[in-house]
Amino acid sequence: MSVRKLKPITSAQRFRVVNGFDAITTDKPEKSLLVPNKRSGGRNNRGKMTMRQIGGGHKRKYRIIDFKRDKSGVPGEVASIQYDPNRTAFIALLNYQDGEKRYIIAQNGLQVGQNVVSGREGVAPEIGNAMPLSEIPLGTIISCIELRPGQGAVMARSAGAFAQLMARDGKFATVKLPSGETRMILSECLATIGVVSNSDHQLTVSGKAGRSRWLGRRPRVRPVVMNPVDHPMGGGEGKSSGGHPRSRNGIPAKGYRTRSKTKASNKYIVERRKK
């Protein structure tokens, strides 16, 4: 009797099941916070394809997210934690005491039945609460950060992202961002306490090409196998290397800095991110 030899499990197979969806409490979104989401397929108003590798995918509806957290001083109860097909992080549905409902980006540890509140005064630094940087204790882990007062969260709002409040000096607060960059932000800007949910997102392995197609991502052709007319790295006989890595427009891909030296916000950057 022959013994069948089993193949070793690869790292891709080991992590294929990881999705972290255990935190989700319902699969039915709030209808009043849904709006249609029309897809462009990477084409402009004349039907010309201006972005490659975009098209198809499952039909979606956009969830209206409260990035501004401008309902000040009114507690909201977490009704459910939900999946949002338009972003990597989970979202939380809040039922406010005045009857209004809003979606916010969910933080790790946010529980159904928990009360969260936002405001500029009298808010405790607890998970899910939004408050100005001037009121947050130094060393606190934060996310969903504004860059201008009243603008709404624009930084550290994807799955597993967080920043740390390092110092305060005058009207500015120093924040260490997820990229490793340290920069100054106005102390009046709001931030949410805690780490953004679904930190296991980075471990997800699609497992097959079809899963990318569900997300609206079409196949990508490697530049090395293109013709010279299509890409700077194309052409050559056989399996040639393709030259220095660069984009379709000829911009170097590794280590080349594209940030303008005269950009107005350069003065707020204390320390650049590491390469």
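Quick note: structure is the one above.
Before going into details, it helps to say that this report is about the structure given with it. This structure is a prediction, so every number in the text was calculated from the model and none was measured. (Residues numbered from 1 in each chain as written. Predicted model: local features only at pLDDT ≥ 70, side-chain atom pairs only at ≥ 80, totals over all residues. Heavy atoms only, no water.)

### Things to note about the sheet that holds strand β5 (residues 101-105)
Either a parallel or an antiparallel arrangement is found when strands of a sheet pair, and the pairing is made through backbone hydrogen bonds.
Reasoning step 1: Spatially, 4 strands are ordered β5-β4-β3-β6 in an open sheet, and the strand pairing comes out antiparallel. Both outer strands of the open sheet, β5 and β6 (115-116), are each paired with one neighbouring strand and no more.
Reasoning step 2: Where strand β4 (residues 91-96) and β5 come together, 5 bridges link them in antiparallel fashion. Among the inter-strand pairings, Leu94 is bridged to a residue of β5, identified as Arg102. (Pairing = 2+ DSSP bridges. Helix = DSSP H or I, 4+ residues; strand = E, 2+ residues; numbered from the N terminus.)

### Some remarks on the pairing of strand β10 (residues 172-176)
Reasoning step 1: Within β10, 4 of the 5 residues are buried, which leaves it mostly tucked inside the rest of the structure.
Reasoning step 2: Note that strand β9 (residues 163-169) and β10 share 5 bridges and pair antiparallel. Bridge assignment links Asp169 to a residue of β10, and that residue is Phe172.
Reasoning step 3: Two successive antiparallel strands, β9 and β10, enclose a turn made up of 2 residues, where Gly170 displays a positive phi of approximately 65°.
Reasoning step 4: Where β10 meets strand β11 (residues 182-186), 5 bridges bridge the pair, whose relative direction is antiparallel. When the bridges of β11 are listed, Phe172 appears paired with Leu186. (Buried < 20%, exposed > 50% of the residue type's maximum accessible area, 1.4 Å probe, protein only.)

### Here we look at the sheet that holds strand β13 (residues 269-271)
Reasoning step 1: An order of β7-β12-β8-β9-β10-β11-β13 is seen for the 7 strands of this open sheet, with the pairing classed as antiparallel. Looking at strand neighbours, the two that pair on one side only are β7 (130-132) and β13, the edges of this open sheet. When the angles between neighbouring strand axes are averaged without regard to direction, this sheet yields 45°. (Axes fitted to C-alpha atoms, helices over the stretch in contact; angles between N-to-C directions.)

### Overview of the nonpolar core
Reasoning step 1: Ranked by internal contacts, the top residues of the largest apolar core, which has 19 residues, are Leu133, Ile136, Ile142, Ile145, Val175 and Ile185.
Reasoning step 2: Residue assignment for this core shows that the elements contributing at least two residues are β9, β10 and β12 (190-193).
Reasoning step 3: When residues no more than four places from it in sequence are discounted, the contact partners of Ile136 are Met131, Ile142, Leu165, Arg168, Ala191 and Ile193.
Reasoning step 4: Ranked by size, the runner-up nonpolar core spans 11 residues in total, among them Phe67, Ala89, Tyr103 and Cys144. (Core = buried A, V, L, I, M, F, W, Y, C linked by side-chain atoms within 4.5 Å. Contact = heavy atoms within 4.5 Å.)

### Regarding the side chain of Arg87
Reasoning step 1: In this structure, Arg87 sits in the loop between β3 (76-82) and β4.
Reasoning step 2: Judged by relative accessible area, which is 18%, Arg87 ranks as buried.
Reasoning step 3: Looking at Arg87, its side chain comes within polar contact range of the side chain of Tyr62, at 3.4 Å.
Reasoning step 4: Not counting residues within four places of it along the chain, the set of residues in contact with Arg87 comprises Tyr62, Ile65, Phe67 and Ile105. (Polar contact = N/O pair within 3.5 Å; in protein donor to acceptor, adjacent residues only side chain to side chain.)

### What to know about the pattern of salt bridges
A side chain with one charge can pair with a side chain of the opposite charge if their charged atoms come near.
Reasoning step 1: In this structure the tally under the stated criterion is 8 salt bridges.
Reasoning step 2: Among the salt bridges present, the one from Arg102 reaches Asp66, with a minimum N-O distance of 3.0 Å. Remark: Asp66 occurs in the loop between β2 (61-63) and β3 and Arg102 occurs in strand β5; sequence separation between them is 36 residues.
Reasoning step 3: For Lys71, the salt bridge is made with Glu100, and the minimal N-O distance between the two is 2.7 Å. Pair noted here: Lys71 is in the loop between β2 and β3 and Glu100 is in the loop between β4 and β5, with a separation of 29 residues, a long-range link. (Salt bridge = Lys/Arg side-chain N within 4 Å of Asp/Glu carboxyl O.)

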